[in-house]
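Okay, here's what each chain looks like letter by letter:
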Amino acid sequence: MIIETDQLTREFKRRGKPKLVAVDHLDIRVEPGETVGYIGANGAGKSTTIKMLTGILVPTSGSVRTCGLDPLKQRRELARRVGVVFGQRSQLWWDLPTAESFTILGAIHHLGRTELTARRDELVEQLELGEFLSTPVRQLSLGQRMRAEVAAALLHSPQLIILDEPTIGLDVLSKQRLRDFLVAERRRHGTTLLLTTHDMGDIERLCERVLVVDHGRLAYDGSLAGLSRTVGAQRVLVVDLADGTRQRIPFDAEKVTAATVLAQASERAEVRDLSIEEPDIEDVVRRIYSAAR
Ligand SMILES: Nc1ncnc2c1ncn2[C@@H]1O[C@H](COP(=O)(O)OP(=O)(O)OP(=O)(O)O)[C@@H](O)[C@H]1O
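Thresholds, definitions, all that
What you see as residue numbers is a count from 1 along each chain, following the sequence as written. In view of the model being predicted, local features appear only for residues whose pLDDT reaches at least 70, and side-chain atom pairs are presented and counted only at 80 or more, with totals across whole chains, interfaces and linings using the full set of residues. With hydrogens and water stripped out, all remaining heavy atoms of the structure feed into the side-chain values. We treat two strands as partners when DSSP finds at least two bridges between them. Helical segments are the DSSP runs of H or I of at least four residues, strand segments are the runs of E of at least two, and each set is numbered from the N terminus. Lines are fitted to the C-alpha atoms to define the axes, a helix being fitted only along its stretch in contact, and any angle between axes, read from their N-to-C directions, falls within 0 to 180 degrees. Within 6.5 Å between ring centres, the rings of Phe, Tyr and Trp (the latter by its six-membered ring) count as paired, and their orientation is classed by plane angle as stacked under 30 degrees, edge-to-face over 60, tilted in between. Look at NZ for Lys and CZ for Arg. If either is within 6 Å of the ring centre and within 35 degrees of the ring normal, a charge sits over the ring. Salt bridges, as used here, are contacts in which a Lys or Arg side-chain nitrogen is within 4 Å of a carboxyl oxygen on Asp or Glu. Accessibility here uses a 1.4 Å probe with only protein chains present; expressed as a share of the type maximum, an area under 20% marks a residue as buried, one over 50% as exposed, and anything in between as partly exposed.

**Q** Got a minute to help me understand the sheet that holds strand 9 (residues 217–222) in this structure?
**A** Two pairing modes exist for strands in a sheet, parallel and antiparallel, and in both the strands are linked by backbone hydrogen bonds. Taken together, 6 strands build an open sheet; the order of strands is 5-6-7-3-8-9 and the sheet is mixed. Two strands lie at the open edges of the sheet, namely strand 5 (82–86) and strand 9, each paired on one side alone. Geometrically, the sheet is characterised by an average inter-axis angle of 15 degrees between neighbouring strands, direction not taken into account. Bridge count for strand 6 (residues 160–164) against strand 7 (residues 192–196) is 5 bridges, and the pairing is parallel. Of the residues in strand 7, the one forming a bridge with Leu160 is Thr192.

**Q** Looking at this model, I keep getting lost on the packing of aromatic side chains. Mind explaining?
**A** Each aromatic ring pair is specified by the distance between its two centres and by the angle formed by the two planes. What the rule picks out here adds up to 0 aromatic pairs. Residue placement shows Arg89 over the ring face of Phe86; its charged tip is 4.2 Å from the ring centre.

**Q** Would you mind going over unusual backbone geometry with me for this structure?
**A** If a residue is not glycine, its phi is most likely negative; likewise, a peptide bond is most likely trans. Backbone geometry at Gln7 places phi at a positive 50 degrees, although glycine is not the residue there. Structurally, Gln7 can be placed in strand 1 (residues 3–14). A positive phi angle is found at Glu128, which is not glycine, with a value near 50 degrees. Inspection of the secondary structure assignment puts Glu128 in the loop between helix 4 (113–126) and helix 5 (142–154).

**Q** Could you clarify how one ought to interpret the pattern of salt bridges in this entry?
**A** Where side chains of opposite charge bring their charged atoms close, a pairing between them can arise. Per the counting criterion, the structure on display carries 23 salt bridges. For Arg179, the salt bridge is made with Asp202, and the minimal N-O distance between the two is 2.6 Å. A residue pair is termed long-range when its members are at least 10 positions apart, and Arg179 in helix 6 (residues 172–189) and Asp202 in helix 7 (residues 200–206) qualify at 23 residues. In terms of burial, Arg179 and Asp202 fall into one category: buried.

Encoded structure:
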């Protein structure tokens with residue numbers, strides 16, 4: 001198991017208010033090689049979870065193991081097995097050329113010269129970093145920098161890569177390149193991917209499995225296709241009536257069957273034709289994200 005949490009909980013004390021339960025008895029299991037989207041509204045508890053997975057934050061109760069290790073007691077060993085990319089934060093040295101950041105990271109991770117060279121060359125080729133390897137990071141475009149960030153996080157060939165909003169702010173082409181790379185990297189090396197994103201394209205393109213967190217609790221764990229069913233998306237019964245008009249009747253498939261809705265509609269007017277519109281998964285995800293805390 002690459003990620004295993006058992007009743008993982010993190011509370012924050014608040015002055016003059018009841019304590020906030022940011023992560024609430026969370027049970028997550030992720031197997032090697034899986035690609036999992038971790039999604040939820042702002043403040044749902046995503047970052048807090050990631051911080052506990054990587055040993056930055058101490059759980060209030062429950063347990064967590066990442067790559068089979070205790071993230072708090074074995075943080076250093078864990079750093080060798082995990083790569084983390086934050087879309088909004090850099091782990092590169094701004095004044096140094098990308099190539100030098102790689103050399104420093106190679107030393108930090110104790111990579112041998114041949115190992116480092118082989119891996120760096122692979123990443124430079126796959127992420128097309130060649131043309132700006134000697135440019136200081138501060139001069140890179142956002143798309144170039146993100147590719148460099150991903151290379152930096154993957155230089156030591158981690159088993160698990162955690163990406164927090166990796167495509168935020170990128171143009172369409174850069175997003176696509178990054179997604180293609182991640183798909184290929186996973187295929188080549190069997191890397192496990194956990195990512196948070198607001199971008200439907202990332203989820204569709206990358207994630208076989210989606211975890212939805214809501215107020216610190218796991219609200220859904222399954223395929224993207226099944227998400228709308230569980231999160232209770234509305235379907236729409238579209239009926240063409242004998243008088244030539246068309247009616248759209250939204251209904252909650254969890255609570256009522258299409259047949260019942262149709263029966264009610266035909267009591268009012270003669271129905272000539274009908275169809276059912278399935279929920280748009282993008283709407284479902286948008287709703288999950290807009291659910292204010
Ligand atoms: N260090 C902290 N002290 C107090 N409260 C915190 C702290 N860190 C997070 N929180 C609170 O815990 C809750 C969960 O925050 P978290 O950052 O995990 O959410 P998130 O799902 O990552 O949100 P976003 O999508 O906005 O990044 C929020 O209500 C947040 O305000």
